[in-house]
Amino acid sequence: ELISLNELAQKNFEITSSVAGSSHPAGQVALGVVAILLTILACFNYMNISVASSSKRLKEIALRKVMGSDRKGIATQFLVENFMQVLFALILGSLISYFLFMPGFNTMLPFTVPFRFVSIPMMMLFFLGILLFVGIISSLYPALYVSKFQPVSIFKGKTRFGSRNLFSKILLGFQLTFAFITVVASFLFSDNALHLKNQEWGYDGEDVLSVRVNDASQFVALREFAKENPHVRDMVGSSGNFTQDFDIMTVNHLETEVRSVVLGTSPQYPGLMDMKLKEGRAINSLLDDAANREILINEEFVTKMDWEEPLGKKITIDSAKYTVVGIVENFKYHVWFGYEQMLPAIVKVAPEEQYQYAIFKSTAGNLDAMDEEVKSKWLEIAPNDPYDRVIQANAYDEYLNEMDSNVIIISFISLIAIILASLGLFGLLSFNIQSRLKEFSVRKILGAPVIEIIRVAAKQYLWIVLIGFFIGAPIGYFLIDSMIQNIYPDPKPTSWFPFVLAITIMVSMLLVSIIGQLLKAVNVNPAENLRNE
């Protein structure tokens with residue numbers, strides 16, 4: 001069925017053996033959601049600090065109202081001022097994104113995301129939308145809140161910001177909750193990603209080179225070349241390759257059918273690849289001995305069949321019967337690597353005319369030299385065919401780089417969330433302490449110990465942090481654990497270590513952000529603050 005390129009790009013992830021290489025749209029949606037949440041967090045942070053910092057302009061607001069200004073005029077002034085700050089932030093943020101973040105982001109992707117839009121009007125609409133959205137969300141509440149106070153209460157000193165503003169504390173609680181969610185999720189995801197990245201392959205891919213051949217004559221010519229080349233330690237043939245091509249077939253044991261990966265090879269192939277034999281022995285029968293055809297199966301095959309004694313079992317593959325003589329450790333192949341459920345696998349002997357790959361193993365440290373020599377020989381025997389080869393040790397680089405990129409991106413998101421939450425806590429606490437310096441001075445004169453002053457200054461915010469932790473940490477744990485279980489068929493069992501490490505880092509960052517303000521409360525100078533009383 002013919003489909004448009006646009007539709008192909010959007011639905012390519014649904015196609016087996018895809019041709020366009022596009023990813024699942026869930027990743028795009030996830031990044032979009034995260035971007036929106038971080039923007040909202042930044043707005044909340046700005047709202048809190050904007051409201052608290054307005055305490056320095058109380059007398060200006062009162063004086064303007066006494067001189068005849070109405071609430072609408074004052075609110076409009078605050079809106080305009082805040083919109084100008086948002087506009088400046090939008091311009092600066094776009095420049096930082098263009099010159100710093102986008103190049104860094106593109107280095108982690110197998111393609112380049114351009115910093116451009118479909119059209120100039122679309123670009124203008126996008127930036128205008130951000131300006132209005134962020135400007136209204138971050139500025140409307142502070143403008144309306146600040147403009148409502150009466151001059152009498154301001155001049156009497158009864159108006160205070162930051163200490164009893166319930167809405168500001170709710171916003172801070174939301175910031176801390178989201179920060180705990182992202183930090184816990186980041187460490188759990190990173191821990192699982194590193195586990196998958198460092199898993200054993202089930203064979204040794206070092207110094208191994210596989211070359212695709214088109215017919216038996218090419219394979220024979222390469223085999224003769226390998227016998228005389230000092231850089232070639234061994235060379236075998238195979239009808240498939242872990243990283244490029246293999247059959248997925250339905251095989252039978254009695255009445256049971258099993259969908260399995262089937263790899264046809266030379267009898268020496270498992271030895272060259274150093275496949276880990278767990279039980280039994282290697283294949284040593286000849287292909288034409290129909291009564292004694294032998295196969296190796298992986299551990300997943302044994303698990304799937306629920307066999308207690310797998311050796312000697314008979315398996316039917318394409319109407320031919322084979323005897324299980326050995327069990328090898330589960331090995332990684334391209335379709336499985338990371339995202340698909342591992343299938344049972346079989347290694348059997350294939351006739352030479354079916355070989356599509358010549359598998360070379362070099363002597364230690366001579367892989368590059370062997371690669372150049374094999375390439376030169378290939379140009380002699382098949383000058384019109386491409387030299388299609390894979391270095392086994394590098395075969396999964398795309399997947400491993402993707403795992404590294406995912407860890408970097410989600411860690412960066414967590415860092416931003418921590419910074420926003422820390423700034424929010426710092427802003428509210430600093431203005432709260434600033435408005436209570438005389439109270440702390442009196443407490444100090446009356447003999448209050450240092451720990452008591454710290455407790456009084458930080459008590460209400462400690463509760464907000466604890467609430468954010470007890471809500472955010474479990475949500476982050478269950479969300480990322482559910483995602484990992486759905487995406488990866490063999491994830492690492494969740495442990496307590498990344499969870500505790502994430503919480504420790506989060507709490508440490510919060511303490512660093514507020515310790516200076518707490519010291520300000522402890523080191524308050526009563527003589528200076530009570531001079532006018």
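Scroll up to find the structure.
Here the structure is a predicted model, which is why all the values come from computation and not from measurement.

The next subject is the pattern of salt bridges. Scanning the model with the defined rule gives five salt bridges in all. The salt bridge involving Glu-294 is made with Arg-281; its shortest N-O contact spans 2.7 Å. Residue Glu-294 is located in strand β6 (residues 294-298), and its partner Arg-281 is located in the loop between β5 (277-280) and β6; the two are separated by 13 residues in the primary sequence. Under the relative-accessibility criterion, Glu-294 is labelled buried at 10%. Notably, a salt bridge pairs Arg-389 with Asp-371, separated by 3.0 Å at the nearest N-O pair.

Glancing now at the packing of helix α4 (residues 71-107) against helix α5 (residues 120-146). Relative to each other, α4 and α5 sit at 145°, their axes nearing to 8 Å. The hand of the α4/α5 crossing is right-handed. Across the contact of α4 with α5, the residue classes tally to 18 nonpolar, five polar and one charged.

Here we take up the packing of aromatic side chains. This model, assessed by the stated rule, comprises twelve aromatic pairs. Summarising the aromatic geometry, the rings of Phe-101 and Phe-412 are spaced 5.3 Å apart at their centres and angled 70° between planes, so their arrangement reads as edge-to-face. Of this pair, Phe-101 sits in helix α4 while Phe-412 sits in helix α12 (residues 397-435), and the two are 311 residues apart along the sequence. Residue Phe-101 is classed as partly exposed on the basis of its relative accessible area of 42%. With 5.0 Å between their ring centres and 70° between their planes, Phe-219 and Tyr-355 make a pair best called edge-to-face. Of this pair, Phe-219 sits in helix α8 (residues 216-228) while Tyr-355 sits in the loop between β9 (345-349) and β10 (357-362), and the two are 136 residues apart along the sequence. Both residues of the pair, Phe-219 and Tyr-355, belong to the buried class. Feature note: the residues Tyr-98, Phe-99 and Phe-115 constitute an aromatic cluster, connected by ring pairs.

Looking now at unusual backbone geometry. Residue Leu-254 is not a glycine yet carries a positive backbone phi of 55°. Looking at where Leu-254 falls in the secondary structure, it is placed in the loop between β3 (247-253) and β4 (256-265). Positive phi values are uncommon outside glycine, yet Asp-318 reaches one of about 55°. Its location among the elements puts Asp-318 in the loop between β7 (314-317) and β8 (320-328).

Conventions and cut-offs
Residues numbered from 1 in each chain as written. Predicted model: local features only at pLDDT ≥ 70, side-chain atom pairs only at ≥ 80, totals over all residues. Heavy atoms only, no water. Salt bridge = Lys/Arg side-chain N within 4 Å of Asp/Glu carboxyl O. Helix = DSSP H or I, 4+ residues; strand = E, 2+ residues; numbered from the N terminus. Buried < 20%, exposed > 50% of the residue type's maximum accessible area, 1.4 Å probe, protein only. Axes fitted to C-alpha atoms, helices over the stretch in contact; angles between N-to-C directions. Left-handed = near helix turned anticlockwise from the far one by under 90°. Nonpolar A, V, L, I, M, F, W, Y, C, P; charged D, E, K, R; others polar. Phe/Tyr/Trp six-rings, centres within 6.5 Å; stacked < 30°, edge-to-face > 60°.

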